[in-house]
Amino acid sequence: MPVYKFITVNKDSFFAVWKVDESEDDLWIGIQLTDHCQTRFNGMKSELHRRAFLSIRHLLALYGYEDTDLYYNEFGKPHLKDGNYISITHSHHFTAIIISKTEEVGIDIEKNREKILRIAHKFTPFEEYRTLANTEAIIRKLTIVWGAKESLYKIYGQQGISFLHHINVADFSFDQNQTTAEILYHGDVSHYDVHFLEFEGFTLVYAIKK
Ligand SMILES: CC(C)(COP(=O)(O)OP(=O)(O)OC[C@H]1O[C@@H](n2cnc3c(N)ncnc32)[C@H](O)[C@@H]1OP(=O)(O)O)[C@@H](O)C(=O)NCCC(=O)NCCS
């Protein structure tokens, strides 16, 4: 069972990462999907996506949940029927979930890619990064900021929010492994703690609403 990381955030919140290297057949073992998820699964063209989707159900099982314990709202946001908070992410062969009994949480995994340099101006004031030592450091930092904004977006759960205009991530150094962020949207202000870790060319970010 390739649980890659299994981390306790605090007494009420946990996350786990799966490295997907099993076959689709192996990942089906012990898994039963709801009709809703089976229909989604049947429509997935990419085998890696299907394997990632199944691996998420194994991560749920680590915390005693089955697919029937999960439902999605009309925007695709996942919820747990027992009222605990959950967020889900997949990127290539890594998948992760975060669960909290008390706090709203969001999680995102991204592969570090040069492409982010071209789209950075769409989601963050790019001038802030010019002082960084080299291109690799800029890519790392932008990927963390992107992951933070995706995580916050997943918590907020409202469409129409702009990464550039409504979500601010406070500056941070790599060795801090954490920062803070806020959403300012239509007069509403909310604050978040953000944590990040990097492994095998990927960046995982999770956020907890304060
Ligand atoms: C929905 C979104 C957050 C998903 O993120 P992603 O990086 O594409 O994909 P991830 O694998 O990390 O996350 C996918 C999971 O997010 C969850 N999700 C989907 N929609 C969601 C929503 N509206 N709110 C919260 N979570 C959501 C689902 O659990 C989904 O996985 P599942 O359906 O297999 O369970 C993303 O596609 C999105 O819409 N981002 C905002 C777009 C945007 O404003 N971009 C600004 C560009 S400058």
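Residues numbered from 1 in each chain as written. Predicted model: local features only at pLDDT ≥ 70, side-chain atom pairs only at ≥ 80, totals over all residues. Heavy atoms only, no water.

The protein chain is annotated in an unreviewed UniProt entry as 4'-phosphopantetheinyl transferase superfamily protein of Maribacter aurantiacus.

## Some thoughts on the domain arrangement of the protein chain
Selection criterion: Residue ranges assigned to the domains are those given by an automatic or database domain assignment. Contacts between residues were defined by any pair of non-hydrogen atoms, one from each residue, lying within 4.5 Å. Defined here as a combined quantity, buried area equals the accessible surface (1.4 Å probe) lost by two parts on assembly, summed across both. Here, a salt bridge means any side-chain nitrogen of Lys or Arg that lies within 4 Å of a carboxyl oxygen of Asp or Glu.
As assigned here, the protein chain comprises domain 1 (3–102) and domain 2 (108–209). Measuring from the centre of the C-alpha atoms in domain 1 to the corresponding centre in domain 2 gives 23 Å. Between domain 1 and domain 2, the residue contacts involve 19 residues of the former and 16 residues of the latter. Interface of domain 1 and domain 2: buried area, both sides summed, is about 1500 Å²; carbon and sulfur atoms make up 65% of it. In this structure, Glu-200 and Lys-19 form a salt bridge, with 2.9 Å as the shortest nitrogen-oxygen distance.

## Examining a positive patch on the surface
Rule in force here: Two joining distances apply to patches: 9 Å for like charges and 5 Å for nonpolar side chains (Val, Leu, Ile, Met, Phe, Trp, Tyr), and every residue must have over 30% relative accessible area and no salt bridge. For every accessible area listed, the method is Shrake-Rupley and the probe measures 1.4 Å; residues are considered covered only by the protein chains on display. The charge count treats Lys and Arg as positive and Asp and Glu as negative. His and the chain ends do not count. Just so you know, the charge point we use is NZ for Lys, CZ for Arg, CG for Asp and CD for Glu. Secondary structure elements are defined from DSSP: runs of H or I of at least 4 residues count as helices, runs of E of at least 2 residues count as strands, and each element is numbered from the N terminus. The rule is simple: take the accessible area with a 1.4 Å probe, protein chains only, and divide by the maximum for that residue type; under 20% is buried, over 50% is exposed, in between is partly exposed.
On the surface, Lys-111, Arg-113, Lys-115, Arg-118 and Lys-122 cluster together into a positively charged patch. Position of Lys-115 among the secondary structure elements: in the loop between β7 (105–111) and α4 (116–123). Take Lys-115: its relative accessible area is 43%, and that puts it in the partly exposed class.

## Details of the site of the ligand
Rule in force here: If a single non-hydrogen atom of a residue is within 4 Å of a molecule or strand, that residue counts as near it. Pairs of N or O atoms within 3.5 Å make up the polar contacts considered here, provided that, within protein, one atom can donate a hydrogen while the other can accept it, and that residues adjacent in sequence are counted only when both atoms are side-chain atoms. Computed over the protein atoms alone on a 1 Å grid, cavities are sets of points where a 1.4 Å probe fits but cannot get out and pockets are open sets with protein on both sides within 12 Å along at least five of seven lines; a residue lines them when it has an atom within 4 Å of a point. Whether a molecule sits in a cavity or pocket is decided by its atoms, more than half of which must lie within 2 Å of the grid points. In this count, Pro and Cys sit with the nonpolar residues alongside Ala, Val, Leu, Ile, Met, Phe, Trp and Tyr, while Asp, Glu, Lys and Arg are called charged and the others, Gly among them, polar.
Neighbouring the ligand are 19 residues, the closest being Arg-40, Tyr-72, Thr-89, His-90 and Lys-154. Within the side chain of Tyr-72, an N or O atom sits 2.5 Å from an oxygen atom of the ligand. A distance of 2.9 Å is found between an oxygen atom of the ligand and a side-chain nitrogen or oxygen belonging to Asp-108. If you map the ligand onto the pockets, it falls in the largest pocket. Mapped onto the shell around the ligand, the elements with two or more residues apiece are β5 (85–91), β7, α4 and α5 (135–156). At 4 residues, α5 tops the list of elements feeding residues into the shell around the ligand. Tallied by class, the residues present in the shell around the ligand amount to 9 nonpolar, 3 polar and 7 charged. Summarising the domain contributions, the shell around the ligand has at least three residues from each of domain 1 (3–102) and domain 2 (108–209).

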